[in-house]
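Each chain, letter by letter, is given below.
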Amino acid sequence: MGKAGEQHTAAHGTERHLQELQEQLPIANARKQLISLVKAHQTLVLVGETGSGKSTQLPQYLYKAGLAEGKSIAVTQPRRVAATAIARRVAQEMGVQLGAEVGYAVRFDDRSSTATRIKYMTDGMLVREALIDPRLSRYKVVVLDEAHERTLPTEILFGLMKQIQEQRKGGLKLIVMSATLDAAKFAHFFDGAKVIYLQGRQYPVEMLYVSEPVDSYLDAALRTVVQIHVDEPSGDILVFLTGQDEIETLQRLIPERSLQLDDAESHGKMLVVPIYAALQPEQQANVFKPTPPGMRKVILATNIAETSITVPGVRYVVDPGFVKARSYNARLGSDSLQVVPISKAQARQRSGRAGREAPGKAFRLYTEAAYLGLQAASAPEIQRVSLASLALQLKQLGVADVRAFPFMDPPPPTALARALELLLALGALDQRGALSQPLGAQLVRLPLEPVFGKVLLSGAAMSCSEEALSVVSMASTDPVFLSSRNKQEVSTEMRKQFMSPLGDHITLLNVLTSYMKVTKSERGRWCEERLLNARSLRKALEIRGQLREHLLSLKVALKSCGDDLEPLRRAILSGLFMHAAILLPDNTYKVIASGQIVSIHPSSVLSGHKPRCIVFDELLRTTRNYVRNVTVVEPAWLPEIAPIFFQNKGSMVGRGH
Ligand code: ADP
């Protein structure tokens, strides 16, 4: 493992070591060629193996070659973690302070300044910048990284860049990058852009399948990790899970299980490190730290490790074959997160992670037949998610007829029509289909899905902006209620003080309000005693501060409704009315907009209660349709608050009970 070993120690070594590492990356050989190609062409499509150095090195090459011409280089990433981790790395490689020449900007977290010349950002942030500066005049080069992910904002940027390049006549370079890309399609879309393939290193990876489908992939993953640890020579293990819950479960179970091994001592220790979006940056950095001698690192990752982030040292990949994806539910008229099988392309990417430094093994926890039955590639997001914010942003970008926008793959016409209907019902568009004033124009400025933006702005109109800010901030962060088996009773008792019969949003409001009253130094302990997630609360408070700034810049008055929470509940309904549901005689609920039958999730404070009419912000599909984050509302409010939407549905409201 000579070479890989060197990389390990050097990864956190001196600057000189970093430089050596940089020079060893496959992209280093192509440096001169890349610079001259970028100089010669307006648009470049760069395809190269994950980990070859595209995201970290190319922007540095271009900057050092003077291609930023006193302006900046924007590099977009679909994922926050990738944007922040890569920016950190590049700042370190260049020996500069993060936020100076090299910075990042992701939603609710901006580490960039006027001095920033290489700016890593989520694709959504660059769209936001375009809303204010439609020609992206601060930039000389835009790099759209991980383009194969085809996220909604990247999709907007494709069309937008095409338009801006025409307007700026050679004044803006575009580089589209990916590990796996249908390069011809991209080249065609960008009118014959130059395509470059970067030679990478890839060692053979042995594929191992299960012979029979497994009942629980989490169990199977646990068993496989332990088996690798016992049977296989040294090398780290990368496990692909679908989310934080699964990661936390295995984080607990792997050490437990390894202690039960017969001759536990003789196998050496496993060092379990998680990596997922909600993790603190310092903890995220742990995955890049070299594995201590004699230990085996087990990286528990979400899909983030598929192409966005390359962790050194991995020889074994465990792939259960699933991913959590946002998808649009046409019947419900909104998105929900679902665990779905990965595509063949994803399976190949995942197993490829085992062969970056030496020959490796990929343990696929599905049968070979199941693999052959997977979709070739996943559909672009635009084909499967809610298009409300996309439509709103395009309107702001001056696209009067959103159907005529140059999409690489046009979205389904019905999905676009529904998005426009929703915007109309929210009052964001006027009857002519233009952004309404002031509501539509304000909504597009807020870094929120339009439905949550509406909750906030209605809150302001109904004199409860302070409370609406808290509710929306809490909805924008990870769950705050931790669960822990043995501490269950303590937490329930301590939490009772927050619980509101009016529902989860108000309960969350109570949590944040109490949290804000605790002095800073006490907050950690306060959360611990109540089994609350301190990180989520800290984040919620940060988000609240930023949204508050947004409201102030929109010249919206900040007011509190005190103890009278009716205006707040009305404000919540004014955004989430598509998710209003009526109690049925069998204690299930019928979503008025879609007719779908749902139940209140056991984790809701309203579970076991039977309010006549509710509104919720999340639908979870497991064996049943469960709804989470629920608020009690009055049926009579529906036609008052969303007249356009409930005009024809008035009779349904009465029929439900
Ligand atoms: P690509 O964009 O081609 O996938 P990258 O430029 O992201 O490649 O990665 C190049 C190398 O830099 C990889 O070996 C990766 O492990 C390393 N690297 C990237 N980010 C970090 C980080 N935050 N800390 C340590 N190493 C990193």
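Residues numbered from 1 in each chain as written. Predicted model: local features only at pLDDT ≥ 70, side-chain atom pairs only at ≥ 80, totals over all residues. Heavy atoms only, no water.

A. Highlighting the nonpolar core. Within the largest apolar cluster, 99 residues are counted, with the highest numbers of intra-cluster contacts made by Val 142 and Phe 577. Those residues in contact with Phe 577, other than ones at most four positions away along the chain, are Leu 422, Ala 425, Leu 426, Ala 642, Phe 645 and Phe 646. Grouped together as the second largest cluster of nonpolar side chains are 35 residues, Tyr 61, Ile 86, Tyr 120 and Leu 198 included. (Core = buried A, V, L, I, M, F, W, Y, C linked by side-chain atoms within 4.5 Å. Buried < 20%, exposed > 50% of the residue type's maximum accessible area, 1.4 Å probe, protein only. Contact = heavy atoms within 4.5 Å.)

B. Structural view of the side chain of Lys 395. Structurally, Lys 395 is set in helix H14 (residues 388-396). Of the buried charged residues, Lys 395 lacks a salt bridge, with Asp 401 as the closest side chain of opposite charge at 6.6 Å. A polar contact of 2.7 Å, which involves the side chain of Lys 395, links it to the backbone oxygen of Gly 433. Setting aside anything within four residues of it in sequence, one finds Lys 395 in contact with Ala 400, Val 402, Leu 420, Leu 429, Gly 433 and Leu 435. (Helix = DSSP H or I, 4+ residues; strand = E, 2+ residues; numbered from the N terminus. Lys, Arg positive; Asp, Glu negative; His and termini not counted. Salt bridge = Lys/Arg side-chain N within 4 Å of Asp/Glu carboxyl O. Polar contact = N/O pair within 3.5 Å; in protein donor to acceptor, adjacent residues only side chain to side chain.)

C. Here's a closer look at the site of the ligand. Near the ligand lie 14 residues; those nearest to it are Gly 51, Lys 54, Ser 55, Thr 56 and Thr 310. Between Lys 54 and the ligand, the recorded distance is 2.9 Å, taken from a side-chain N or O atom to an oxygen atom. Notes on the ligand: free accessible area 560 Å², of which the protein chains cover 91%. In this structure the site holding the ligand corresponds to the second largest pocket. Those elements giving two or more residues to the shell around the ligand turn out to be helix H4 (54-64) and helix H5 (80-94). For the shell around the ligand, the element with the highest residue contribution is H4, accounting for 3 residues. Here the shell around the ligand is built from residues that sort into 3 nonpolar, 7 polar and 4 charged. (Near = heavy atom within 4 Å. Areas by Shrake-Rupley, 256 points an atom, 1.4 Å probe, with all protein chains shown as cover. 1 Å grid on protein atoms, 1.4 Å probe; cavity = no way out; pocket = protein on both sides within 12 Å on 5 of 7 lines; lining within 4 Å. Sits in = over half its atoms within 2 Å of the grid points. Nonpolar A, V, L, I, M, F, W, Y, C, P; charged D, E, K, R; others polar.)

D. Just the sheet that holds strand S5 (residues 118-122), in detail. Pairing within the open sheet is mixed, and its 8 strands lie in the order S4-S3-S5-S2-S6-S7-S1-S8. A single partner strand is all that each edge strand has here, and the edge strands are strand S4 (109-111) and strand S8 (194-198). Strand-to-strand, the axes of this sheet are offset by a mean angle of 20°, without reference to chain direction. Taken strand by strand, H5 contacts strand S2 (72-77), strand S3 (102-106), S4 and S5, and its axis lies near 170° from that of S3. (Pairing = 2+ DSSP bridges. Axes fitted to C-alpha atoms, helices over the stretch in contact; angles between N-to-C directions.)

E. Molecular detail of the pairing of strand S1 (residues 43-48). Of all the 6 residues making up S1, 6 are buried; the element is thus mostly covered by neighbouring parts of the structure. Alternating residues of S1 divide into Thr 43, Val 45 and Val 47 and Leu 44, Leu 46 and Gly 48, and every residue in both groups is buried. Relative to S8, S1 runs parallel, the two sharing 5 bridges. Looking at the pairing, Gly 48 lines up with Leu 198 of S8.

F. Quick look at the environment of Lys 361. Among the structural elements, Lys 361 can be located in strand S16 (residues 360-364). The class of Lys 361 is partly exposed, set by a relative accessible area of 21%. Residues Lys 361 and Glu 206, 155 residues apart in the sequence, show an inter-C-alpha distance of 4.6 Å. When neighbours within four sequence positions are excluded, Lys 361 is seen to be in contact with Val 205, Glu 206, Leu 208, Glu 232, Arg 315, Tyr 316, Val 317 and Ala 354. One polar contact links Lys 361 to Glu 232, side chain to side chain, over a distance of 3.0 Å.

G. Molecular detail of the state of the cysteines. By the definition in use, this model includes 0 disulfides. We note that Cys 464 lacks a disulfide partner, and the nearest cysteine sulfur, in Cys 561, lies 4.6 Å from it. (Disulfide = S-S within 2.5 Å.)

H. How the structure looks around the layout of surface pockets. Approximately 900 Å³ is the volume attributed to the second largest pocket. Taken together, 39 residues make up the lining of the second largest pocket; nearest its centre are Thr 56, Arg 89, Glu 93, Phe 288 and Thr 310. Every element with two or more residues in the lining of the second largest pocket is listed here: helix H1 (2-11), helix H2 (15-24), H4, H5 and helix H11 (281-285). Considering every element that reaches the lining of the second largest pocket, the biggest residue donor is H5, with 8 residues. Per-class residue counts for the lining of the second largest pocket are 13 nonpolar, 17 polar and 9 charged. (Points joined across faces, edges and corners; volume = space filled by probe spheres on them.)

I. A look at the packing of H4 against H5. Two elements in contact, H4 and H5, have axes whose closest approach is 10 Å; the angle formed by their N-to-C orientations is 50°. Taken together, H4 and H5 sit at an angle that is classed as oblique. In the crossing of H4 with H5, the sense of the turn from one axis to the other is right-handed. Listed contacts from H5 to Ser 55, Thr 56, Gln 57, Gln 60, Tyr 63 and Lys 64 of H4 are Ile 86, Arg 89, Val 90, Glu 93 and Met 94. When its residues are assigned to classes, the contact of H4 with H5 shows 4 nonpolar, 4 polar and 3 charged. (Parallel < 35°, antiparallel > 145°, perpendicular 65-115°, else oblique. Left-handed = near helix turned anticlockwise from the far one by under 90°.)

J. Region of the structure containing the packing of helix H15 (residues 413-426) against helix H17 (residues 450-461). Viewed as axis vectors pointing N to C, H15 and H17 meet at an angle of 0°, and their least axial separation amounts to 11 Å. Overall, the two elements H15 and H17 adopt an arrangement that is roughly parallel. Listed contacts from H17 to Leu 422, Leu 423 and Leu 426 of H15 are Pro 450, Val 451 and Lys 454. Per-class residue counts for the contact of H15 with H17 are 5 nonpolar, no polar and 1 charged.

Everything listed here is a matter of geometry and, on its own, says nothing about what the molecule does.
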